[in-house]
Amino acid sequence: MTTHTHAYKDPVLTLNGVSMSFNNELVLRDINAQILDITRPKMHQGQVVGFYGRSGIGKSVLCRIMAGLIPPSAGTVEVGLAQQPARPGMVGFVQQRYPLFDHRTLYDNLLVAAERKHAPEVARQHVESYLERFCLAPHHKKYPAHLSGGQRQRAAIAQQLLCSEHLILLDEPFSGLDVAMIDEVKRIIVEVTTMDELNTVIIVSHDIVTTTALADRLWLLGYEHDAAGALVPGATISPQHQYNLAEMGLAWHENVEAEPEFGQFVEHIKNEIRVSA
Ligand SMILES: Nc1ncnc2c1ncn2[C@@H]1O[C@H](COP(=O)(O)OP(=O)(O)OP(=O)(O)O)[C@@H](O)[C@H]1O
């Protein structure tokens, strides 16, 4: 196992007693979790959090709460070094269908996002730099309908990064992609986290191997049982289901997936997911 030294600083995301009910049905129960800014020697790299759980357990609901799109029934979400309550637009949220404005070119889609945060001239510079970084420059005059699935996805990630405050949620970024595209999305996620030490990407995925290989931290949403063995209503992320891969020597590094400890850990996670619902 490779040892990678690291240190933690201030929080960049705090979930404080988050619960959510719909029509008296408790979906999420008392979630307490925190992501701290991580520093590594000679590296300015952010973090990737893999977020897992059985289908229908509440991952999308928690993402919408973290993105400030819906308020929780109880608890708070605080974002960024200033630890401000999450508001719409603060947290980038790339949903599966990659929503872009169909009647605007790719360039204009990105410019609208960048102008939410920057003055027009600075916004243009940011858009041009992101078009280059995400290999989208040759397509900047195209409308979303004329982009490939992968290009739309890269555009949606760039759009959310341009207007958000370092935190970005990706909902199933690997689903429906061929192996070459999965490699490309992985490269982009690594690129996003290496852009800025504060950049944090939360990946909701059923693709445990691909996501764990990229992750520094994992959250597993599941149910708990009471002392009598009965299921407690409402899914939560218990402390033992908040894994710190940096401390386990399994945080992202070249070819981590080839290491025997990685394979054993993935099997452990799969088993935990099987028994968590
Ligand atoms: N607006 C709503 N009103 C009522 N119930 C809702 C609402 N939104 C979500 N739910 C319920 O909350 C639960 C969790 O849904 P959610 O979409 O978060 O699951 P998920 O873990 O993202 O599932 P999947 O992996 O299949 O996408 C489901 O039972 C769903 O029906």
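What comes next concerns the included structure. (Residues numbered from 1 in each chain as written. Predicted model: local features only at pLDDT ≥ 70, side-chain atom pairs only at ≥ 80, totals over all residues.)

## Re the site of the ligand
In step 1: Taken together, the residues surrounding the ligand are Phe22, Val27, Gly53, Ser55, Gly56, Ile57, Gly58, Lys59, Ser60 and Val61.
In step 2: Element by element, the count of residues in the shell around the ligand is highest for helix 1 (residues 59–66), at 3 residues.
In step 3: Along the lines of polarity and charge, the residues of the shell around the ligand split into 4 nonpolar, 5 polar and 1 charged. (Near = placed C-beta within 6 Å. Helix = DSSP H or I, 4+ residues; strand = E, 2+ residues; numbered from the N terminus. Nonpolar A, V, L, I, M, F, W, Y, C, P; charged D, E, K, R; others polar.)

## Here's the deal with the pairing of strand 9 (residues 217–220)
Regular strands show a simple pattern: their side chains alternate between the two faces of the sheet.
In step 1: Residues of strand 9 alternate between two faces, with Arg217 and Trp219 on one and Leu218 and Leu220 on the opposite face, all of them buried.
In step 2: Bridge analysis of strand 9 against strand 10 (residues 242–244) gives 3 bridges, and the strand direction is antiparallel. If you follow Trp219 over to strand 10, its bridge partner there is Gln242. (Buried ≥ 20, exposed ≤ 12 C-beta atoms within 10 Å, placed from the backbone. Pairing = 2+ DSSP bridges.)

## Describing helix 5 (residues 179–195)
In step 1: Across its 17 residues, helix 5 extends 24 Å between first and last C-alpha, which sits within 8% of the 24 Å expected from 1.5 Å per residue.
In step 2: By the burial criterion, the buried members of helix 5 are Val185, Ile188, Ile189, Val192 and Thr193. Taken end-on, helix 5 shows its buried residues confined to a sector of 130°, consistent with a single buried face. Structural note: helix 5 exposes Val179, Ala180, Asp183 and Arg187 on the side pointing more than 90 degrees away from its buried face. (Expected span 1.5 Å × (residues − 1). Arc of directions from axis to C-beta.)

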